[in-house]
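Residue-level structure breakdown
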Amino acid sequence: MGLFPEKIEKLWEIWDLRTCILLSLFLQAFLVLFSSFRRRFKSSLLIVFVWAAYLLADWIAAVAIGLITQSQGSNCNSNAKGNEDLLAFWASFLLLHLGGPDSITSFALEDNEFWIRHLFGLLLQLWLPTILVFAVGTIKYAERTYALYLASLDRFGATVLPKPDPGPDYEESAALYSAAAAMAVMPRVDQSDDAELILELGQKVKSAEDIKLLQLTHLLFQAFKGLIIDHKCAFKLIEYEFSFMYQVLHTKAVVVHRRVGYILRFISLSSILGASIFFFLVGKKSFGTETEIALTFTLLVGAIVLDVISIIKLIFSEWTLLDAQIENQYEWRKKYITTTILEKQRWSGKVFQYDMINYCLDQERQFSLILYKIAGYVRATAIVEQLRNMWFSSSKPVEDPLKKFIFEELKEKSNDAENLKEALEACSQRGDSALLKSSYTSYIKLKWSIGEFQYAESLLLWHLATDLICYKEEKEANSSHNREDVFYYARENCKALSDYVFYLLVMHTTMMSPVLGNWHKAFQDTCAEAKRFFKKHKITNDEEAFDKMDDVKTKVRPAAVKGTKSKSVFFDACILARQLRNMEDKERWRTMELIWLEFVAYAAINCKANIHAQQPSRGGELLTFIWLLMYHLGLGTQFSEQEELAGTKMVAIK
């Protein structure tokens, strides 16, 4: 006796292949419609669904092909008699499904390295019947393989290399240099043609027209050089770069948006339509039951609809605007197509927020304690921790004042850095430079909070102090929603960056890992001391916690009282908050803003490039925006390489 009743087993024998084919069609439709949403929305649920559909799509299609092969090789299978041609026709559709939609070729960067596997898969499928649908499937599968190859790390890195350039003749240049030095005049090194073209384009985009900015972005994406006008233009430019990065790494855009790609797309749609017309006109008595014929019609209609949707997406793509000068197009095209393309959302535009006080309080809630206890038995504490953090964290939009502040301060750093050494020094600052801009008295009082701690410890210290100050200021002024308050935006910027960095620490540690050091020791010790403090004073919410922390008498540094074994910075944060509140309002908020920008910039520039490259497919991260902005402004560890390749660093037009 089998695992299931005999009737169910017989029903499954009849419908197994048909179920797999319908499920494969459904997964293709889901990926076409929803896979691109993951770059615009920071939703874990959406990412899970796309991930599941992406994995299942190939697996289901392969299983269905296996079932077809099995049924054709089994003479005793009644389902295989009389409908061999129909099964071969279905197999061609499955090859088409294996080719995947244009909107997703890879889910993660690592998938691009499997292009060789897909090439072997393409070659192994060639035994299937060569009919019109098979031709379409071959085209789509080849497109997917080629797109994965172009997006693989080795190939992608090779495409951004310039042409070999030995430079000017050394002997002639040396003679010219010596002559110029004797005359006290240094020769000027000519900039590349691309640099001059970008400078020319830059003059045209002073009005920040989106279409010209998009064209400029594509040049910058290829060469990582150019210029920036203001914060709105800067973030819009990087938003376009996010879009290009996502499409090149995870879609067929780089393959489809070529002349040969347009020809292949025309052939694909024509072949599907031809196959549909042929199947509609030919006699179908020998093709099997009415159910099987209906299933075949469903596959044909589904293929046509998905191809039409892909073509519509092809038309309304940023690449369309790069293929032709829009100024010379018809008015209706400029009004509808161009407007629709430029107004599309390209990233989530949000940053997640979480703070340490609520993190510790959430862990002490009764429900959380029960979950942790159960998870401990099955060694799933880390999973529960992640789910809890996702549940209690929140998100907020990246507002214009924050963008303006980030851009202007980074631009000032760029203007101050005249050479490689100064640029590297600017990127290595993690609060020191910000403190130097405060008064001498404030610098002497606050330098311990940076100089005596590692980066991760300083982050926790300033995070707790920032939360405490923001809470007290809002409570006393009763102006948490009063935007006429002169320090409202400064306070919001500090709070947003502080909570964002803490969220990254607990949820995206990989982005921060290169600079964390003894992060786990400092974090667990600080959490333990905070929980003990809350339990001792029977604190149940953040307001009570902040009030009690503000009342703590902290005349002596904790290290002098408790020793240095514990790395907790909980009471150090109370001391820092009191020192900050003794400063003048303007100086306090200015110092805190600069401190947090340096913290974030330091993390952004030290995060690995491949980690940044993963973010466009997850809704985007502000940290990656800052990383790209810093490199475009000539800051970062690749400053010297950019100078050699671009001839100039990005500057702001005044």
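Our structure's up above, just so we're on the same page.
Keep in mind that what you see is a predicted model, and the values were worked out from it rather than measured. (Residues numbered from 1 in each chain as written. Predicted model: local features only at pLDDT ≥ 70, side-chain atom pairs only at ≥ 80, totals over all residues. Heavy atoms only, no water.)

For the rest of this paragraph, the subject is the overall build of the protein. The number of helices and strands found in the protein is 34 helices and two strands. Relative to all contacts within the protein whose residues are 6 or more apart in sequence, the contacts with residues 24 or more apart total 79%. Carbon and sulfur atoms form 60% of the exposed surface of the protein, whose accessible area is close to 32,600 Å². (Helix = DSSP H or I, 4+ residues; strand = E, 2+ residues; numbered from the N terminus. Contact = heavy atoms within 4.5 Å. Areas by Shrake-Rupley, 256 points an atom, 1.4 Å probe, with all protein chains shown as cover.)

This part takes up helix 12 (residues 259-281). When the terminal C-alpha atoms of helix 12 are compared, their 33 Å separation across 23 residues agrees well with the 33 Å that a helix rising 1.5 Å per residue should span. Residues of helix 12 that are buried include every one of Gly261, Arg265, Ser268, Leu269, Ser271, Ile272, Ala275, Ser276 and Phe279, and no others. (Expected span 1.5 Å × (residues − 1). Buried < 20%, exposed > 50% of the residue type's maximum accessible area, 1.4 Å probe, protein only.)

Before going further, it helps to examine the side chain of His97. Residue placement: His97 occurs in helix 3 (residues 84-99). When its relative accessible area of 4% is taken as the criterion, His97 is described as buried. Here the side chain of His97 touches Ser24 through a polar contact of 2.7 Å, side chain to side chain. What His97 contacts, discounting residues up to four positions off in sequence, is Ser24, Leu25, Gln28 and Leu299. (Polar contact = N/O pair within 3.5 Å; in protein donor to acceptor, adjacent residues only side chain to side chain.)

Turning next to helix 20 (residues 420-428). Burial in helix 20 covers these residues: Ala423, Ala426 and Cys427. Each buried residue of helix 20 lies within a common arc of 95° when the element is viewed along its axis, so the set occupies one face. (Arc of directions from axis to C-beta.)

This part takes up the side chain of Ser243. Considering the arrangement of structural elements, one finds Ser243 in helix 10 (residues 231-250). A polar contact is formed between the side chain of Ser243 and the side chain of Gln247, at a distance of 2.9 Å. Contact partners of Ser243, with chain neighbours within four places excluded, come to Arg39, Glu318 and Arg346.

What follows deals with the pattern of salt bridges. All told, the structure shown has 16 salt bridges when counted by the stated rule. Here Glu409 makes a salt bridge to Arg590, at a shortest N to O gap of 2.9 Å. Linking Glu409 in helix 19 (residues 400-416) with Arg590 in helix 31 (residues 585-606), this pair joins segments that are 181 residues apart in sequence. Classification of Glu409 by relative accessible area gives buried; the value is 8%. As a salt-bridge pair, Asp467 and Lys495 come within 2.7 Å of each other at their nearest N and O atoms. One end of the pair, Asp467, is in helix 24 (residues 455-477); the other, Lys495, is in helix 25 (residues 488-507), with 28 residues separating them in the sequence. (Salt bridge = Lys/Arg side-chain N within 4 Å of Asp/Glu carboxyl O.)

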